[in-house]
Structure formats: structure tokens, C-alpha cells
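Structural description and commentary
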Amino acid sequence: MADFLYQLLLSFDATLRIATPLMLCAMAGIFSERSGIVDISLEGKLLSGAFVAAAVAAVTGSAWLGLGCAMLAGIFMSLIHGFACITHKGDQVVSGVAINILASGLTIVLGIALFKRGGQTPSLPRDDRFTPIEWWGVDMMDSVPVIGTIYRQLISGHNMLVYVALLAVPLTAFILYRSRFGLRLRAVGEVPEAVDSAGISVTWLRYRALIVGGALCGIAGAYLSIAQGGNFVREMSAGKGYIALAAVIFGNWKPLSAFMACLMFGFLEAATTRLEGVDLPLIGEVPTQLMLAMPYVLTVLLLAGFIGKPRPPAAIGKPYHK
Amino acid sequence: MNTALELKNVSKSFGLVKANKNINLAVEAGSIHGIIGENGAGKSTLMNIIYGMHRADSGEIHFGGQKVDVRSSADAIEHGIGMVHQHFMLVPTFTVLENVMLGTEGGLMLRDGRGAALERLLHLSETYNLQVNPHALVSDLNVGQRQRVEIIKALKGGAKVLILDEPTGVLTPQEADQLFEILKVLRDDGVSVLLITHKLSEIMDITDTVSIMRQGEMVGHRKTSETSPQELAELMVGREVLLEVDRKPATPAEVRFSATNLGYTNAQGVLELDDINFEVRAGEILGVAGVSGNGQTQLMETLAGMRHLTSGSLNILGTEVTAADQTDPRIIRDLGVGHIPEDRHTHGLVLNFEARENMILGFHDTELAGSGTLFDYKAIQQNCEDKMAHYDVRPANPRLNAKNFSGGNQQKIVIAREFSANPGVLLVGQPTRGVDVGAIEFIHKQLLELRDAGCAILLVSVELDEIMSLSDRIMVLCGGQNVGIIDSADADRQTLGLMMAGQRQEAAA
Amino acid sequence: ESHSDFKPAVIYDMGGKFDKSFNEGVYAGIKKFQDETGVEVMEFEVTNEAQRQQAMEKMVQRGATIVLGVGFAQADAISAVAEANPDVNFSIIDVSWLDHPNLRQYAFKEQEGSYLVGVAAAMASETGTVGFVGGMDIPLIRAFACGYEQGVMATKDDAKVLQNMTGTTPAAWNDPTKGSELTQAQIDRGADVVFQAAGGTGVGVIQAAADAGKMAIGVDSNQNYMAPGNVLTSMLKRVDVAAYETMKDAMSGDFETGVRLLGVAEGGVGWALDEYNADLITPEMKSAIDQAAARITSGEIEVHDYRSDNSCKM
Amino acid sequence: MSTPTPPLPRWADLILLPIINLFAAFFICGLIVLAIGENPIEAMGVMIKGAFVYSGGLGYTLFYTTNYIFTGLAVALAFHCMMFNIGGEGQALIGGLGAALASFGIGLYLPAPLAIPLAVLGAFIAGGIWGVIPGYLQAKRGSHIVITTIMFNFLAASLMVYLLAGPMLEAGQQSPQTAKLAESTLLPKMADILSPLGFDIASTPLNASFLIALGAMAVFYVLVWHTRLGFNIRSVGQNQEAAHYAGINVARTIIITMAISGGFAGLLATNEILGFNHKVVLNFTAGYGFTGIAVALMGRNHPIGIFLAALLFGALTQGGGELDFEFQSITREMVLLIQGMIILFSGALAYMFNPPLARMIAKFVAPKDPANG
Ligand SMILES: Nc1ncnc2c1ncn2[C@@H]1O[C@H](COP(=O)(O)OP(=O)(O)OP(=O)(O)O)[C@@H](O)[C@H]1O
Ligand SMILES: Nc1ncnc2c1ncn2[C@@H]1O[C@H](COP(=O)(O)OP(=O)(O)OP(=O)(O)O)[C@@H](O)[C@H]1O
Ligand SMILES: [Mg+2]
Ligand SMILES: [Mg+2]
């Protein structure tokens, strides 16, 4: 039993690691979609961030520079999205698809041109990555039963960006519900006319939402390539942006609920990793593909109204015409 | 004279539509200035220009004697202009307070300005008797309460000019009266009020001065005390209002269409049609009168199968339709019902389709589209050419997209299509809205011809004169209820007016 | 320019020639050949399924006289192209089941090399639990795992061997994140030495082991340098030798076809000892491994090949 | 959908604007090529040669074109109904499954003239099923089609991995793929079809599926513009309310549209599976479903336009492969970049050049004011 609980604890630990990029992207998605812009380009921004972080870190030897540039890369992609669907009122889905395809092409083309490694970036030495941080007093706490273990395994020992992601959630909630920017953001996603009529620029407000989202995706990308991993691999985002989008929908466009959805999706994957090939009583061997497809299955069921009805921001997807 | 606001030669186009042409307007400080005009005359556009929501293509705006450049509503607000828009600009998921705060939050954090905003809100609501719970969700408020929130929003920055774009369209008479009291208080405080409305009585009751717009132009300015409703109406429409129709008495035959205890409750649970009974016979026109928004649209759409009746029943040419039947427009059409929808752009036409395609819309399952499995474009073209000739659609080009026809000709396309199917029952909604005089006459003649050919016609129109001159009997709706059905011979404006205000026929008579 | 009509070509598989592992091993052999002979080798890296055959045809069209395919995934493609071009020579690595008169096939006794690193793992482990992370779940990788397990058990019969495969599709060769998660999971369950045979995914394995202060074992190429101090050793599969030999033989015109099976005895598989892991390999370990190698060469130990009966019954 | 842009003459809207958008996309890509130190003109030349000049180049180009026609038609049909079908990728994958099931199920017992149509139908129906579910969910339960089709792509991929690595894996196979399909269900190569007729073309993967694609184009044209169903589809797409008013069953039209759209995407399997791989392999869709969006956007949802756009993308795909051989630092992923740019410029930014173009045309063409003097 104790062993089982210990393993469960470790799965939570893994859940956190897996959910980190999801959380960051989901918060990005919330910013963008709450402002009324559909964001299927989370995937592309994540990928660009991952590439730029790894490339910059490899060239400069600085993880911090990598992180900064990844955020800029995410913002840049967001600005393309904004230019197309805010400034030119283009179709938001088409623009998102374009950005995702652009990102997969651009990262490989640039990767090959810069590093000549088939699209990968060089592996970073340990010091050039964000590595796990041991918290103060871990050894001391060890003597305390249960709490000590939780402290060591679950709370301590992650890299900085995991904590950044964990902070991003309450921060997003705080901004959304407590700040002026958040009030306006929520308003512009529901009734942009009201925002315009209140003397606030719809355009600039939406751009700002996208910029914040781009930066968050950039951090998520950096997490993949210079924190959790040590280099960039082509297509390394592997659908995480879409899962994050699913989490946004699942969380009904609310930060805390989306966070829970990320944890759930993360836990599914962590459990899959750990249960692979293990015969469980009653269930038998866990079918990996089914477990991995669960986020998509659940999202479809949710959208179909079988789990509850998501209520998207009213103005989402519609360009604002005066 | 102290001018609060002055417009000089303001023009604005949307693509090919010239919404405002060289508009001049002066509004005195501390007065209520009315603006009237038909749908699409350009009133809202003009107000939006003043409020900075639209940018004029040319022309000048002066506030308090100074030329100003209003680039956005922020500028307008800064100059002391408040606006209550034709359509509510409220975020339904927000509380009243949040809606009022939007744009004037008073700090980076909501906490910083919430107290002050609440205080201001309460102050305004007390001063002008605008009761509303600051912490209620807007989605829980009724339209009257929402209106109050809009007014509070417009006044919160200490507006010197208050624009109200058709504020009374959604209000009950009591609510409208209350609003006017508020406007008077505001005027006495030195605020200039710009009031847009379609209702001449309101103009006469409350305004000091009035400007009239027609097709994007300012066609006149009057002192209210020196004008009459007749004069205003003529200026507005640009024609004699009362059109004489040469109508022979009807010879009604068998009942073609009847409603028994018809009821309709919408998705929000609001009862919009309440226990309606009527019948329409072959060879007669039953007119439906009422103030806009009293259930006419719901009635038409329920009869046409576009909404499901929720109680009672219909009898359409012998077929019984009850709430249990899943009707749809197809079934109703197949029973032999034709339908001129109230809103041709949303319902009557596919604007991006060619005229010849629109001419078979709804009939594309019939011979009109050819007798084989595939469309026969020769037949489709021929059909369209014939109908265009018969109904005088101009230009008579079947390949032109519907959106490129003028409003009147678009309406003729719809009419041509529905009339020529020789329906046993015809539902007609606002047949002449936005149509010029010549076309109106033509359409009226066609309607009467159809009647005389034995069609049972139900006619809905906001134009009382149209109803009176075409109908054989008139049903009046108020609040979703049938107030009564009277013979058009007995109908005069006053009787109808009282009925439209909700007085039962017996009382009226 | 006596060799002007000699035009070699190589087609790397997914993962690319810098996968730090299998493809990179081939690349090392090709590079050596190029450096020695100065002959330019045409190269192509496959990035999707549809490209393999097209790339081979392309090479033939461009006048290649020898085409080397890397990896079993190219078996079908090379079979078709070899059939259609009888006067071009072909060679493929990790395939033994085809039959064309112009095709040389290299197969390795991976189980033997894995056995050797299994010995090392068992001796280096303090917890008595060691791990294995495979790439795509196929018999070839099972053979690695099986040989490893035999080596571990032969050295420490109460040891525990944890095993995970990354996936069932070629994407499993290139998923370092998943690799590091799997490694983490094994470490959580007590493993302190983890052997990977997972292509690009292995990078994540090594990294996760290093991050946790545990040991990893590299595969195919010498990966000791990747995390000095945390890579115990690497199981070498001398695909570089195969590549080099193919080119050399083809150039000299003395290109025998058929299957070449390379094991410990032939120097085709082995283990890596260099400056990066010299401190990690104790003299006892070294002698134990060397001894095992000698006994395999002599036939005294026969390492069971998973592929022979699709099972790892020892 | 009204875009508040000044109207262009028809020729400019149909021909000039797409060309300008295309040019803009290539221009930006050219800058990127320059930035990584290669010559874009030269790269373009290599692609063109690879696509059309080299022996077999054209065959490969048309082979890829076939894929793009199918997915382009799929996206375009849905567009006519104002549905955004991003699910072409998944529908095509499942189409492969359908083809394989048909082939293994019946192919063994029937001669080719019967077996082939059944296998093709299998692909169509399977793809259709994968399209109709999101269609149903959109029409009846209001689930947003964009999101559901994205989810269905992942579900299809998961399902195929499970099947190909599990139940359908050929015994003794190392790669996740099925056994070879029944001989009688395989489509002949074009080279083999044409050689008895006296045309000698290089043997390439180009196969009879190309003819199916041409047929699908014709079916598309007739369906959309000459049938009652097509009229329903376009009505619902242009104005749902008017369609409802006219007695068209909107939900049913959406569902049928998505079924046929998915079916078109599923037909991709006839080319890749029945015509070329001869077994179901993993990821044979290789992004064609997504590119279908670009094809439909560029082709303005008309079969002729789609054919031209598909040819362009076919040439890019084939010619792009040539980049790998000729350049050190440019690879075929350059094509992905170009695709992304094309979707951006001819899709999301479609009307960016409209106003300046309209102004220019107004300047050059004799200024005759269209309306209202
Ligand atoms: N944003 C817009 N884009 C294009 N055309 C517009 C726009 N806004 C208004 N118009 C057109 O400008 C004209 C004037 O419209 P406006 O809304 O000002 O009329 P209105 O007098 O307020 O009518 P109503 O009484 O129906 O509110 C109409 O023909 C309308 O279709
Ligand atoms: N978008 C357009 N493209 C091309 N032609 C147009 C367009 N809009 C209107 N027209 C043409 O311009 C002319 C004037 O149209 P408009 O709608 O202003 O007519 P109108 O004077 O209001 O007539 P009506 O009284 O019948 O509504 C018509 O001939 C119409 O065909
Ligand atoms: Mg208006
Ligand atoms: Mg008009």
C-alpha cells in the first residue's frame, strides 16, 4: 500500500512535468480566446519557442537568453496572427493553420541551415539548461514522514519553468478577474462593441492579449527544449498545443478549470507511461493508444454536450467590424 | 444662441452606400433635439460619427464652438459626449457595476476604482431615478433595466451631450414615460439630448427641435412647436403618406387557414404568442396590426414553420398542425403556403446567389429547376427572365447577384417567386419596407389581384396605412395576444391605435 | 581518376545522420571513408515514409553504383529498387531476410553486445535494479533488451530489470521527452543504471539519468561523452564498420553480396571504454566484461536471440 | 460573408489577386532562402526542374497532385457549406483503413473490375464516416466543427497506430504496417495503362487514382452547381436562415456535406494505398489533409482552381525533394514553409492587397463609377 501511494506520488510528480507546457499554453489560449481570437496556433507558437530557445541557448550558452528569445519568437508568431486576423480581419482558423505549418517548416529549415543536424539543435550541456532546483531544507524535511517525501518529490526538484507555469495560472486568474486589463479583455471577447463604445481600442486590446499569449507559449517552448529536454527535435511540440487548446475548452475558458484539465491530461499521460505493459487487476493491460487519446475523446464528448456544455466567449472567431 | 454641437458637411460612405451626404446639424445647449427618419436613413451612422465609432469621410464636428477631431469614442467621451446605442452595448456576463466601470476603471487594478465607481453609480441612479442593482448580472436584467444601465454608462463621465439612438423601441409605455422624465431633468441641468426615434408622437411630446433625414440626407430642421406630425411624416418618407388603393370589396369563400389557441414560447421560456385565434378565408386579406415587437414576427415565423408552435393548433388547407408535429418550412410550403418574409436579406434571399437562383430558392425541388435529376439552367434562366419581365425587376439580368440589386428590386424578386407559385395561402411580411412609391403601388396591385384570384392572405406591416388600405379584416396584436379582429370598414386610426395599446375590441368599440 | 564511375550513395533513415546513435554511426563510417579516399558520397535523410523508395530511385538515376540503406525500415524500398536495377549494388543494415543477387545485408548480434553492458550494469548498480528503455517496440529492440537482461542476471541473479518501450511507431525513435519520462519512472522504481536502445529518444534517457545523478548506458555509437560521469559505457554496434566496409568493397570492385552476421567474435558489437568513463569502470568490471566477451567468442556462453523464437526464455 | 472591401473586377478577383498573393508568399520564402545564404532563384529553378523536367519528375508531380486534388475537394466542399473541415488528415487515414478492409474482405474473392470499385468505395465510405461524425455533432449538438475535426485527426492517428502496430500488423513485420493488399484491388500504374496505347512514360507511382481524381473533380462540379443537393449546400453555406426559410433541412445538409467531404478526403487512400504503397503504412497522409486547405483557398473552391492549385503543390512537393539533393542547407521542408505562407497570404490575408489593387485598377482602367453616380 505504502509503495502504491509512493508510486502515485511519483506519478503526480511526473504529471506536473508533463502538464507544465500544457498549462503555459492553456493560459496563452485563455488570453487569446477570451479576447475573441481563436487560437489553434498555440501549437506553432510552442514549436517556434522550443526551436528558438534551443538554438539561442546553443549559440550563446545562456538558457536565460534562450528563454527570452523564445518569448520573442512566440510574440512574433502572435503578431503574424494578429496582423492577419485583427488588422486584416482574416479568418482566424486559416491564420492559425498557416502559422502551425509555417512553424513546422521554418524551424526545420532554419535548424538545418544553422546547425546542419537534420533539423535538430546541438545538445546543451547541463549548465546551459534550466535544471531541477533542490529546495532548501529537503534533507532536513526528509525526517518528517509523508510530508518530507511529498516535499522532496512533489514540491522540490523541478526546474524553474515548472514553477513559472504554476505561477502563471493564479497570475492569469488574477489578471483576468482583478485587473483593468482583465476586465477589458473579458469584455472584448463577449461584446467588442461595448469596449469600443467605452473608448477602448479593440485592436490594441486584442493585440495585447495575443502578445501575452505568445510570450507564454514561448516559455512553454523553452521548457520543452532547454529545461525538460536538452535540445530541439523536429516537431517536438507533438500536438501539445492542441491538447492545451482542448484543456482551455475543457476548462470552459477559465484559468483554474483549465489548469485542472491540464493536470488531468498530464496525469493520463504520466499514468500511461508508468502503466505500460502492466497488467492491472480487472482492467488487464492498459491500452496505451486509448489512454493517449483520452484528452481528444473527452473533449469531443464535452463539445457534444455529454459532459456539460462549454460556453465560449460570445464574440470568438468573429473579426470586429465597426 | 448657444450651440453645444455642430456638424458641417459631414459625409460617410460604406462601399457604394452613401450613408450620410453633406449633413449639417446644430444642437442647442440644454435642449432636446429629435432626429427622425426611415430605416436606413443614416441616423445611426451620423450618431456614430459624432460619438467617434465611425470616422466621417469628410466634414467637421464642432463642440462648444470649437472644431474637434473625434478619432475614437475615447475622444468623444473626453469631449463630454455620452451615447446610448440602438443595440445594447452591455456585456451580459458582467455585473452592472462592471459594465459601468468598463473604460473608466480608475486604476490598473479593479479594486482601486471600484468604490468610487459604485458611489458614482448610486449617485446617478438616485439623481435621475435610474434604479438598478449594481451587483446584478446584466443577463438577469430585463430590457428596461438594461436601458437604465446604458444611460448610467452614458452619463457617468458627466456628459454634456447625450445621444439616445431609438431608446424607446424596446420599452413599455410606462418605461418610456419614465425615460422622458429623466431626459427633461437632464435638459434642465443643461445637457443637450439628441433623441432618435421613429415615433412621431414622441417627437411631438418631448423634443424642442427636430431634424429629419431621408436616404442619407438632412431634409429639414424644424422647431417642434412649429411643425405637425403630418409634415414630419411627409419629409421623412418624401411622399404622400396615405396611398389610395383601389380595392373592390372581397368575396371571401371557404376557410383556408386558421389558428386555434396558438401559443409560442421561445427558448428563453418567454411566452411570445398567447392563445391566438383567427381564420383566413379564400379571397380575403387579413391584416395584422400592432406596434413593432408585439409578436408579429413570431406569428409569421410560427405560421411559416420556421418556429415550432408550442401550444394550440393550425389548420392549413385542411391539414392539422399541432405542437406535437415537428413542422418545418418545407412541410408548410408543401401544403401550399407562400411566404414573403419580413426581412428579405436574412430570409428571403441568398445575397451571393444570382437572381435566377434566388428565383427558385425554396422551389428548387420542383420543375422550375428542370425536370431531370440535374439542374436545367436553360429552364432556370427562362423562368427568371419571365418573372423579371412580369414583375418588372430591374435590371432584368438573371445572372446578377441578388446583392447588386436595389432594395426595391430585391423585394420584387422575392415577390415574383412567391406570388407566381400560386399559393393557396400567402403570408406577407412588410411587403413594401424600403421600397419606392412606384414599386409600392405595383406590389399592392399584385397583392389584390392574388386575393381576387382566391388566395387567402395574411398581411403583417408596421405601416398602419398599408394595413388599412389593403386588408378586409384587421387583427391587432399587443403583447403577443390577439386584442381583437375588426372589419376594415370599421377601422379608423383611433380605434386601431387604442387596440394597439392593448384595449380589447369590445372596450374600443 | 580511376574511380570516376564509382558513385556511392547512402540513405539515412528517420532520425537523421545526427541522431547521436544508429544513423550517426553510419555517418561516422561514411565520413571515414570519405576522408580516406576523397570520394564524395551522396547522402539523403528520409523524413517521411513515402520518401525512401523515391530517394533510392533518385540515387540510381543520378548514377549511383552502390546504395547503402540504413535500417530495417528501408527493407521494402531497397528490395523493390534492387529488383528493378540489377546492375547497381545495394547494401542494407539491420536486415537479413531479403534475397537479391546485388544486395548485401548486414545483421548484428545485438544480444551479445547487450549482454556485455548488462554485466557492467549489474556490477555498477547499487540498488540491484536496472532499467532498459527501448525505442520502437519491435523484435530487434526486444533482442537488445533480452541480451541485456541475460547479462544482468548472469552477473547478479537477484537483480531486477525494468523494461519500457517508447512506442509502437517510428516516432518512438525521436521522442527524447518520453525517453526522459520513462527513465524518470524507472528511477522512481529504484533503477540506478538505465540502458537505452532508442535512437534519438536515448538522448532524453541519458539526460534524465544524469539529471537524477544515476547512470545511463549508451547504444550503437560511443555515447560516453554525452554526459561524462553519468554514462557508464556504451554498447557499440559497429554500423560504422559496416558502412565503411560496404563502400570500400564496392570501390575496390570486390563486393560480395549475401548476409553478414556480425557479433562479438567478428568485432561487430562490443562496449566502449574511453577517457569519459575510465573512472566509472572498475578493474573488476573490466575483467568481468572482458571475460564474458571471451566466453561468448569461444562459444562457451551462447546469448539467446529474442528473434529466433520471439521470446526471451533463458 | 461580406468582407468590407472595395469590389474588384471579376478577372482581377479571380486571377490577379490570387497571383499577387502567391507571389507575396514566394517572395517572403525567397527572403528566407536568401537569409540562410542560398540563392532563391536557383532554388526555384531546381524545384521546377525536379517537378517537370527530370525523367519521372512529372509523374511524381502528378502523383502528389492527385493527393492534393482529393483533400482540396474535401475542404472546398465543406467550405461551400461554410464548414471548416480541418479533418482531412484523419479522414484520409481512415480512408486507408476502409480501403484495406475492403481489400482484405472482398478483394480475395472478386476479379479486379469488381474488386477495385469496391475498394475505392471502401475508402470513400470510411473517410465519409470520419467526416460525418463531426458533421453530425456540429449540426445536431452545436459542437464547433473546427475543434471536433482537429480532435478527430488525433483520434484517427491513435486508432491507426493501435491497429497497425497491433491487430492489423503483418506477422513478422518490423514496421507498423499491414500485409500486402489483395492483388485484385490494386490500381494499375499509369505507365502500365498507357504503354499498350503506345505512350511510353517513365514508371512512377502515378497510377489510375489520378483518373479517379479527375472524375472526382467532375463529380464535385456537377454536385455543387447542378444538383439540388448542391443548391442546398450552397444555400446553407451562404445564408443558413434563408435556407431554412426555403425549406432546406439545414442540419441534414451539413451532415451530408461532411459525409461527402470526408469521403473525398478518404479517396486519398486510393492513390497512396491502392495505387502506391499497396499496404497501409503509418502516416501515409503526410500532411496532405492540411495542405488541402491551402489548395481549396487558392483554388477558390472551384474544381479547375483546385486542379491548378493541386498541381502547384504537387510540383512543390516533388520539386522540393530535389532541394535535398542540390543544396546543403535547404531541404524539402522549405515546401512546408511555402505552404504555410500560401495559406497565410491567400487565406488569412486574402484581402490585404484588395484595397490597393482596387485603387490601382481604378486609376488605370477607364474610371466609370459603377453606381450612384
Ligand atoms: N457598418 C456598415 N457597413 C456597411 N453599411 C452600413 C454600415 N452601417 C450602416 N450601413 C448602411 O448605411 C445606411 C444607413 O444606416 P443607418 O444604420 O445609419 O440607418 P438608420 O437610419 O439608423 O436606420 P434604422 O432606423 O433602421 O436604425 C444603410 O443603408 C445601412 O445599410
Ligand atoms: N454592391 C453593388 N454592386 C453593384 N451594383 C450595385 C450594388 N449595390 C447597388 N447597386 C446598384 O446600384 C443601383 C442603386 O442601388 P440602391 O440600393 O441605392 O437603389 P435605391 O435608389 O435605394 O432603389 P430602391 O428604391 O429600389 O431601393 C441599383 O441599380 C443597384 O443595382
Ligand atoms: Mg439606426
Ligand atoms: Mg434602397
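Just so you know, these numbers come straight off a predicted model, no measurement behind them.

1. With respect to the overall build of chain A
Helix and strand counts for chain A come out as 13 helices and two strands. Whereas a compact globule of 322 residues would reach a radius of gyration of roughly 20 Å, chain A reaches 20 Å, a difference of no more than 12%. A sequence separation of at least 24 residues applies to 76% of the contacts in chain A between residues at least 6 apart. Counting only carbon and sulfur atoms, one obtains 70% of the accessible surface of chain A, whose full area is about 11200 Å². Where the 23 positive side-chain charges of chain A centre and where its 19 negative ones centre are 12 Å apart.

2. Concerning the coordination of the magnesium ion (ligand 3)
Those donors, S44 of chain B (OG) and Q86 of chain B (OE1), are the protein atoms that reach the magnesium ion (ligand 3), and they lie 1.9 to 2.2 Å from it. In this pair, S44 of chain B is assigned in helix α1 (residues 43-50) and Q86 of chain B in the loop between β6 (81-84) and α3 (96-101), connecting sequence segments 42 residues apart.

3. Focus on the site of ligand 1
Residues and elements named next belong to chain B. Lining the immediate surroundings of ligand 1 are 15 residues, of which G40, G42, K43, S44 and T45 lie closest. Take G42: an N or O atom from its main chain is 2.8 Å from an oxygen atom of ligand 1. Residue E166 places a side-chain N or O atom 3.1 Å away from an oxygen atom belonging to ligand 1. Protein chains bury 66% of the 630 Å² of accessible surface belonging to ligand 1 in isolation. Breaking the shell around ligand 1 down by element, the ones donating at least two residues are β2 (17-28) and α1. Among the elements that line the shell around ligand 1, the one with the most residues is α1, at three residues. Here the residues of the shell around ligand 1 are counted per class, giving four nonpolar, seven polar and four charged.

4. With respect to the sheet that holds strand β7 (residues 160-167) of chain C
Residues and elements named next belong to chain C. What the six strands build is an open sheet, ordered β7-β6-β8-β9-β10-β12; its pairing is mixed. Bordering the open sheet on either side are β7 and β12 (269-271), each of which pairs with just one other strand. Between one strand axis and the next, the sheet turns by 15° as a mean value, whatever way the strands run. Note that strand β6 (residues 129-136) and β7 share seven bridges and pair parallel. The partner of F132 across the bridge, within β7, is Q163.

5. Describing the interface of chain A and chain D
In this complex, chain A contributes 41 residues to the contact, which on the side of chain D involves 38 residues. Between chain A and chain D, a total of about 3500 Å² is buried, with carbon and sulfur atoms accounting for 83% of that surface. Taken together, the connections running from chain A to chain D amount to one salt bridge. Two residues, E333 of chain D and R234 of chain A, come together in a salt bridge whose shortest N-O distance is 3.0 Å. If you list the elements that add at least two residues to the side of chain A that touches chain D, you get α3 (63-87), α4 (92-115), α11 (240-250) and α13 (288-303) of chain A. Broken down by element, the side of chain A that touches chain D gets its largest block of residues, 15 residues, from α4 of chain A. Residues that form the side of chain A that touches chain D fall into these classes: 27 nonpolar, ten polar and four charged.

6. Comments concerning the UniProt feature "transmembrane region" (unreviewed entry) in chain A
All names here are of chain A. Residues annotated in UniProt with the feature "transmembrane region" (unreviewed entry) correspond here to residues 6-31, 51-81, 93-115, 160-177, 209-230, 242-268 and 288-308. Along residues 6-31 one finds 100% helix and 0% strand; the C-alpha atoms at either end are 37 Å apart. Span residues 160-177 is 100% helix and 0% strand, its end C-alpha atoms 26 Å apart.

7. Details of the interface of chain C and chain A
Between chain C and chain A, the contact holds 23 residues from the first and 26 residues from the second. Buried area between chain C and chain A, both sides added, is near 2100 Å², and the carbon and sulfur share of it is 41%. Looking at the side of chain C facing chain A, the largest losses of area belong to F18, E181 and D188 of chain C, adding up to 27% of the total buried there. One can count three salt bridges joining chain C with chain A. The partner of D211 of chain C in a salt bridge is R129 of chain A, and the shortest N-O contact between them spans 2.8 Å. For the pair chain C and chain A, the interface holds five residue pairs in polar contact (both at pLDDT 80 or more). In the side of chain C that touches chain A, the residues fall into seven nonpolar, nine polar and seven charged.

8. As for helix α13 (residues 377-390) of chain B
In this model, α13 of chain B (14 residues) spans 20 Å end to end at C-alpha, consistent with the 20 Å of a helix rising 1.5 Å per residue. Turning to α13 of chain B, its buried residues number three or more, namely Y377, I380, Q381, N383, C384, K387 and M388 of chain B. Here the buried residues of α13 of chain B occupy an arc of 160° about the axis, which is enough to place them on one side. The outward face of α13 of chain B, more than 90 degrees from its buried face, is lined by the exposed residues K378 and A389 of chain B. Buried residues belonging to α13 of chain B abut α12 (355-358) and α14 (407-419) of chain B together with α8 (209-226) and α9 (228-238) of chain D. In this structure D376 of chain B caps α13 of chain B, since a side-chain oxygen of it lies 3.0 Å from the backbone nitrogen of K378 of chain B. Following α13 of chain B by one or two positions, D392 of chain B adopts a phi angle in the positive range, close to 60°.

9. A closer look at the side chain of E190 of chain A
Within the secondary structure layout, E190 of chain A lies in helix α8 (residues 180-190). In terms of polar contacts, E190 of chain A uses its side chain to reach the backbone amide nitrogen of A314 of chain A, at 3.5 Å. Setting aside anything within four residues of it in sequence, one finds E190 of chain A in contact with R311, P313, A314 and A315 of chain A together with V91 and T93 of chain B.

10. Focus on the arrangement of the chains
Of all five pairs of chains in contact, the one with the most contacts involves chains A and D. Across the gap from chain B to chain C, with no contact made, the nearest C-alpha atoms are 40 Å apart.

11. Describing the state of the cysteines
Considering all chains together, one arrives at one disulfide over all chains under this definition. Free cysteine C25 of chain A: the closest other cysteine sulfur is in C217 of chain A, separated by 4.2 Å.

12. Focus: the pattern of salt bridges
Scanning the model with the defined rule gives 54 salt bridges over all chains in all. Close ionic contact of E181 of chain C with R17 of chain A constitutes a salt bridge, the shortest N to O distance being 2.8 Å. Residue E181 of chain C is found in helix α6 (residues 176-188), and its partner R17 of chain A is found in helix α1 (residues 2-34); the two belong to separate chains. An identical accessibility class is assigned to E181 of chain C and R17 of chain A; each is buried. Here the salt bridges share partners, and the residues they tie into one network are D94, E110, K237, D305 and R307 of chain C.

13. Some points on the confidence of the model for chain C
Model confidence for chain C is summarised by a mean pLDDT of 90, while 97% of its residues fall at 70 or above. Here the complex is predicted with pTM 0.88, and the ipTM for its interfaces comes to 0.86.

The rules we used
Residues numbered from 1 in each chain as written. Chains lettered and ligands numbered in written order. Predicted model: local features only at pLDDT ≥ 70, side-chain atom pairs only at ≥ 80, totals over all residues. Heavy atoms only, no water. Helix = DSSP H or I, 4+ residues; strand = E, 2+ residues; numbered from the N terminus. Rg over C-alpha atoms; globule rule 2.2 N^0.38 Å. Contact = heavy atoms within 4.5 Å. Areas by Shrake-Rupley, 256 points an atom, 1.4 Å probe, with all protein chains shown as cover. Lys, Arg positive; Asp, Glu negative; His and termini not counted. Charge placed at Lys NZ, Arg CZ, Asp CG, Glu CD. Donors = N, O, S within 2.8 Å, 3.2 Å for Na, K, Ca; no water. Near = heavy atom within 4 Å. Polar contact = N/O pair within 3.5 Å; in protein donor to acceptor, adjacent residues only side chain to side chain. Nonpolar A, V, L, I, M, F, W, Y, C, P; charged D, E, K, R; others polar. Pairing = 2+ DSSP bridges. Axes fitted to C-alpha atoms, helices over the stretch in contact; angles between N-to-C directions. Buried area = accessible area lost by both parts, 1.4 Å probe. Salt bridge = Lys/Arg side-chain N within 4 Å of Asp/Glu carboxyl O. UniProt positions renumbered as here; feature names shortened; annotations may be inferred. Expected span 1.5 Å × (residues − 1). Buried < 20%, exposed > 50% of the residue type's maximum accessible area, 1.4 Å probe, protein only. Arc of directions from axis to C-beta. Disulfide = S-S within 2.5 Å. pLDDT = per-residue confidence, 0-100.

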